[in-house]
Each structure stands twice: as structure tokens, then as C-alpha cells.
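Topology and contacts: notes
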Amino acid sequence: KEVMPFIGYPFDSCLPSYIGHDQVLQYLKDFSEKNDLVRHIKFRSKVRRLSRHAGSGEIQGSCPDTRPNSKWEIEWEHLDSTEVKTKAYDAVFVCNGHYTVPSSPDIAGLGEFKGKVLHAHNYRVPEPFKDQVVAVVGAGPSGVDISVEISKTAKRVYRAQKGLERPEVVNNGNI
């Protein structure tokens, strides 16, 4: 949490250094509400078209779209109502995230595995893993977060990762 906050808006000091996705989500909701950002966000919407409309006057720089008063026109569709809207903006940020599309390694024999295989991208809650023995492959932020969360309901959690010389036992021996 120490390296993640927005400037001037720290995480709650009572939270541990490594926070879960639910705490990050709550932080983002709180920040958005405090700064009146929610009204500017288009939830459950898909961008259909993005185009630049040149402004008037002298070109500022080497690109023709750097004239004063140039705008970005965005057309989006609301996913629930299928309503389509268009609006012009002065600037556009494309924030699609690093992990929008799941990436899985090729694991020999995984096709013959009879159990459930789930990518972290599709994980939501620990309850479906109650009283099960679970192996979490990968020790990045998602793998660690999911391991800790699942360990509270699962019978046992094993975490597999590259480069680990000796096993680490955490969460009362359940991981």
C-alpha cells in the first residue's frame, strides 16, 4: 500500500502493507466519491470509435492534430441498454490495464488434469474452494492475494513458484 496511493490520498494507516483486491477497490471507490469523479466515469460501456478532429489555426508541433481547439470524438455503447452516444473531449487517456487478457503458461500434462483449472483473471471469491485442496501456480501479487484469501476456507493451499529453494509456510500452516 505504501507505493500505490494517489498523491495526497494515502491508504488507511491501519491496513497492512500488502492489501487485498477488495481493499484496493474500496480505496478507489472512496477516492472517486471524495473527488466527485464518479459522474465522469462511463461504467459498463464499450468504446466503439475514437477519432481526432483537427482544430483551427497554426499547427503546434510536427503533427497536424496539434492545432488549438482540436478534439477527440468518442462513440461508446452502454452494454446493458445498447444505447450509443457520442461526445467530444479535449484529451483521452487509454487505460486498458496490463492484465485485461489472461496469459497462461504451457504446463505439460495440464490437459489430462481432472480437477478445476481457473485463471486469476476469473477468480472472484474463495467460497467455491471450501474444504478443497488447492494449488496456486505463481507468486505474483494475484497469486499471493488469492492464496491468502482461499486459505481461509480451503482444506489446504499449495503455492508453486519459480526459484523457491525451500517451502515457506504461512497462515497457520495452511499455505
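Residues numbered from 1 in each chain as written. Predicted model: local features only at pLDDT ≥ 70, side-chain atom pairs only at ≥ 80, totals over all residues. Heavy atoms only, no water.

With that settled, the discussion passes to the overall build of the protein. The secondary structure content of the protein amounts to two helices and five strands. Put simply, the protein runs from its N terminus to its C terminus through helices and strands in the order α-β-β-β-β-α-β. A buried classification covers 18% of the 175 residues belonging to the protein. At a minimum sequence separation of 6, the contacts of the protein that also span at least 24 residues come to 29%. Carbon and sulfur atoms provide 55% of the accessible area of the protein, an area that totals close to 13,700 Å². (Helix = DSSP H or I, 4+ residues; strand = E, 2+ residues; numbered from the N terminus. Buried < 20%, exposed > 50% of the residue type's maximum accessible area, 1.4 Å probe, protein only. Contact = heavy atoms within 4.5 Å. Areas by Shrake-Rupley, 256 points an atom, 1.4 Å probe, with all protein chains shown as cover.)

Two side chains with opposite charge may pair up if their charged atoms get near one another. Tallying each qualifying case throughout the model produces eight salt bridges. Between Lys130 and Asp131 there is a salt bridge; the shortest N-O distance is 3.9 Å. Taken individually, Lys130 and Asp131 each receive the classification exposed, so the pair is uniform in this respect. Residues joined by salt bridges that share partners form a network here, namely Arg48, Arg49, Glu73, Glu75 and Glu77. (Salt bridge = Lys/Arg side-chain N within 4 Å of Asp/Glu carboxyl O.)

Turning next to the sheet that holds strand β3 (residues 84-89). Read across the open sheet, the three strands follow the order β1-β2-β3; overall the sheet is antiparallel. Each end of this open sheet is capped by a strand with a single partner; those strands are β1 (45-53) and β3. Taking each pair of neighbouring strands and ignoring which way they run, the sheet shows an average axis angle of 20°. (Pairing = 2+ DSSP bridges. Axes fitted to C-alpha atoms, helices over the stretch in contact; angles between N-to-C directions.)

This next bit is on the pairing of strand β5 (residues 156-160). Examined bridge by bridge, strand β4 (residues 133-137) and β5 share five bridges and lie parallel to one another. For Val136, the partnering residue across the bridge sits in β5 and is Arg159. On the question of chirality, the crossover connecting β4 to the parallel β5 by way of helix α2 (residues 141-151) is right-handed. (Right-handed = clockwise from strand over helix to strand, strands pointing away.)

A few words now on unusual backbone geometry. For Asp36, which is not glycine, the phi torsion reads 55° and is therefore positive. Structurally, Asp36 is set in the loop between α1 (21-34) and β1. The residue Asp131 is not glycine, and still its phi comes out positive at about 60°. Secondary-structure assignment places Asp131 in the loop between β3 and β4. Taking the relative accessible area as the measure of exposure, Asp131 reaches 54% and is therefore exposed.

Moving on, we get to the packing of aromatic side chains. Per the stated rule, a full pass over the model turns up six aromatic pairs. Here the aromatic rings of Tyr9 and Tyr27 are separated by 5.3 Å at their centres, their planes lie at 50°, and the arrangement is tilted. Residue Tyr9 is located in the segment before α1, and its partner Tyr27 is located in helix α1; the two are separated by 18 residues in the primary sequence. Exposure remark for Tyr27: the relative accessible area of 6% places this residue in the buried category. Aromatic pair Tyr9 and Phe31: ring centres 5.2 Å apart, planes at 70°, arrangement edge-to-face. Here Tyr9, found in the segment before α1, pairs with Phe31, found in helix α1; they are 22 residues apart in sequence, far enough to count as distant. (Phe/Tyr/Trp six-rings, centres within 6.5 Å; stacked < 30°, edge-to-face > 60°.)

Let us look at α1. Each turn of an α-helix holds 3.6 residues, which means side chains three or four residues apart point in the same direction. For α1, spanning 14 residues, the distance from its first C-alpha to its last is 20 Å, which sits close to the expected 20 Å at 1.5 Å a residue. Those residues of α1 lying buried are Tyr27, Phe31 and Ser32. An end-on view of α1 places all buried positions within 130° of arc, on one side of the element. (Expected span 1.5 Å × (residues − 1). Arc of directions from axis to C-beta.)

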